[in-house]
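Analysis of the macromolecular model
The residues making up each chain are set out below.
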Amino acid sequence: VPLEDGKIFLTAGYGEGGMMIQVHENSGTFTAEVLFKHGPKDGLACEQQTPIYHDGLLYGIMPKDAGALRGQFVCYRPDGSLAWSSGQSNRFGLGPFLLADGKFYILDDDGMLTMIRASRDAYAPLAKAQVLHGQDAWGPIALAGDRMLLRDSKQMVGISVGANGS
């Protein structure tokens, strides 16, 4: 995930964690410096989906090996510190998430879609709906206009999320 000032955040699942690097350019030659590196219990890591950088913060779903934060939707500052998490009662498994119109749409493993306000300060849920009834709802979410496509391992649905369908 590219950030400002030549910083790039890298993450991987399966116990790898995350890393922030700083890219430097000197007379057409580029070098990378590791600013920090951590395991999945010590900072932002994602297993299935790519974190989203928005309004100066990184958002993602923590992997299964993230300890107490496992499956939670989290917000991290670029220095690697946790700003907030969705809490233990709001876990999403490995589900996909999407940012659109100032809102995050997060689909959990069982097909529950949660809409939250994109907030710098706290987990701010706005609505929930069971949109699928299968399992392994890990496929990326697609959005075109006011139509959202979501899928699990058995089916795909299209829903309206525009002004008349929120």
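See the structure shown above.
Residues numbered from 1 in each chain as written. Predicted model: local features only at pLDDT ≥ 70, side-chain atom pairs only at ≥ 80, totals over all residues. Heavy atoms only, no water.

The next subject is the packing of aromatic side chains. In this structure the tally under the stated criterion is seven aromatic pairs. Centroid distance Tyr-59 to Phe-73: 6.3 Å. Interplanar angle 20°. Geometry classified as stacked. Of this pair, Tyr-59 sits in strand E5 (residues 57-61) while Phe-73 is found in strand E6 (residues 73-76), placing the two residues 14 residues apart along the sequence. When sorted by exposure, Tyr-59 lands in the same class as Phe-73, which is buried. (Phe/Tyr/Trp six-rings, centres within 6.5 Å; stacked < 30°, edge-to-face > 60°. Helix = DSSP H or I, 4+ residues; strand = E, 2+ residues; numbered from the N terminus. Buried < 20%, exposed > 50% of the residue type's maximum accessible area, 1.4 Å probe, protein only.)

Time to look at the sheet that holds strand E2 (residues 17-26). In space, the three strands of this open sheet follow the order E1-E2-E3, with antiparallel pairing throughout. Edge positions in the open sheet fall to strand E1 (7-12) and strand E3 (29-38), since each of these has one partner strand only. In this sheet, adjacent strand axes meet at a mean angle of 25° when their direction is disregarded. In this structure, E1 lies alongside E2, joined through six bridges in antiparallel fashion. Directly across from Leu-10, in E2, lies its bridge partner Met-19. (Pairing = 2+ DSSP bridges. Axes fitted to C-alpha atoms, helices over the stretch in contact; angles between N-to-C directions.)

A word on empty space enclosed by the protein. Tallied over the entire structure, the rule returns two cavities of 30 Å³ or more. Volume-wise, the largest cavity comes out at about 40 Å³. As for the largest cavity, its lining consists of Cys-46, Glu-47, Gln-48, Gln-49, Ile-61, Met-62, Leu-94, Gly-95 and Phe-97. Residues of the lining of the largest cavity, tallied by class, amount to five nonpolar, three polar and one charged. Volume-wise, the second largest cavity comes out at about 30 Å³. When grouped by side-chain class, the residues that make up the lining of the second largest cavity number six nonpolar, two polar and one charged. (1 Å grid on protein atoms, 1.4 Å probe; cavity = no way out; pocket = protein on both sides within 12 Å on 5 of 7 lines; lining within 4 Å. Points joined across faces, edges and corners; volume = space filled by probe spheres on them. Nonpolar A, V, L, I, M, F, W, Y, C, P; charged D, E, K, R; others polar.)

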